[in-house]
Amino acid sequence: VQLVESGGGLVQAGGSLRLSCAASGNTRSINSMGWYRQAPEKQRELVATITRRSGLTNYADSVKGRFTISRDNAKNTMYLQMNNLKPEDTAVYYCNVQSYYGIYWGQGTQVTVSS
């Protein structure tokens, strides 16, 4: 499975961004997809996950009520709508896929929120 992320950028606090992650290859083997992020000098952390078939979602407490994860199985694409962004959301955001054959990561996209 190959993953390509897009949609990062620079935004002011309170603004919004939408990240996309397009999957290709053996996409029918995917069980779940998710977004992780890593800020400078911090460990990579879970942001949100969604199961491919049922669409069951899970969010980190820090983003609940502000971020929404979704997927379009017909397009093999996952999204992360990020609203009311805060400076502490600044990080590189990574797309993650868990499939029957392994775990895959995207190359990452930078999100920077200015105060």
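Preceding this section is the structure that the text describes.
Presented here is a report on the structure given in the accompanying data block. (Residues numbered from 1 in each chain as written. Predicted model: local features only at pLDDT ≥ 70, side-chain atom pairs only at ≥ 80, totals over all residues. Heavy atoms only, no water.)

### Some thoughts on the layout of surface pockets
Next, step 1: If you add up the space inside the largest pocket, you get close to 180 Å³.
Next, step 2: Along the lines of polarity and charge, the residues of the lining of the largest pocket split into three nonpolar, four polar and seven charged. (1 Å grid on protein atoms, 1.4 Å probe; cavity = no way out; pocket = protein on both sides within 12 Å on 5 of 7 lines; lining within 4 Å. Points joined across faces, edges and corners; volume = space filled by probe spheres on them. Nonpolar A, V, L, I, M, F, W, Y, C, P; charged D, E, K, R; others polar.)

### Concerning the state of the cysteines
Next, step 1: In the structure shown here, the tally under the stated rule is one disulfide.
Next, step 2: Here Cys21 pairs with Cys95 through a disulfide, and the sulfurs are 1.9 Å apart. Sign of the S-S torsion, about -70 degrees for the bond between Cys21 and Cys95, identifies this disulfide as left-handed. Of the two residues, Cys21 sits in strand β3 (residues 17-24) while Cys95 sits in strand β9 (residues 91-99), which places them 74 residues apart along the sequence. The exposure classification of Cys21 matches that of Cys95, with both residues buried. (Disulfide = S-S within 2.5 Å. Helix = DSSP H or I, 4+ residues; strand = E, 2+ residues; numbered from the N terminus. Buried < 20%, exposed > 50% of the residue type's maximum accessible area, 1.4 Å probe, protein only.)

### Regarding the nonpolar core
Next, step 1: Ranked by internal contacts, the top residues of the largest apolar core, which has 29 residues, are Trp35, Leu80, Met82 and Tyr93.
Next, step 2: Of all the secondary-structure elements, those providing two or more residues to this core are β3, β4 (30-38), β5 (45-51), β7 (67-72), β8 (77-82), β9 and β11 (109-114).
Next, step 3: Not counting residues within four places of it along the chain, the set of residues in contact with Leu80 comprises Leu17, Arg18, Leu19, Trp35, Val47, Ala48, Phe67, Thr68, Ile69 and Tyr93. (Core = buried A, V, L, I, M, F, W, Y, C linked by side-chain atoms within 4.5 Å. Contact = heavy atoms within 4.5 Å.)

### Observations concerning the sheet that holds strand β1 (residues 2-6)
Next, step 1: Taken in spatial order, the four strands of this open sheet run β1-β3-β8-β7, and their pairing is antiparallel. The open sheet is flanked by β1 and β7, the only strands paired with a single partner. For this sheet, the mean inter-axis angle between neighbouring strands, taken without regard to orientation, is 15 degrees.
Next, step 2: Sheet topology places β7 next to β8; six bridges connect them, and they run antiparallel. The partner of Arg71 across the bridge, within β8, is Met78. (Pairing = 2+ DSSP bridges. Axes fitted to C-alpha atoms, helices over the stretch in contact; angles between N-to-C directions.)

### A look at the pattern of salt bridges
Two side chains of opposite charge can pair, provided their charged atoms sit close to one another.
Next, step 1: Overall, the coordinates contain four salt bridges when judged by the stated rule.
Next, step 2: For Glu45, the salt bridge goes to Arg37, with nearest N and O atoms at 2.7 Å.
Next, step 3: Its relative accessible area of 36% is what places Glu45 among the partly exposed residues.
Next, step 4: With relative accessibility at 6%, the residue Arg37 sits in the buried group.
Next, step 5: With its nearest N and O atoms 3.1 Å apart, the salt bridge here joins Asp61 to Lys64.
Next, step 6: For Asp61, a relative accessible area of 66% puts it in the exposed group.
Next, step 7: Several salt bridges converge on common partners, so that one network encompasses Arg37, Glu45, Arg66 and Asp89. (Salt bridge = Lys/Arg side-chain N within 4 Å of Asp/Glu carboxyl O.)

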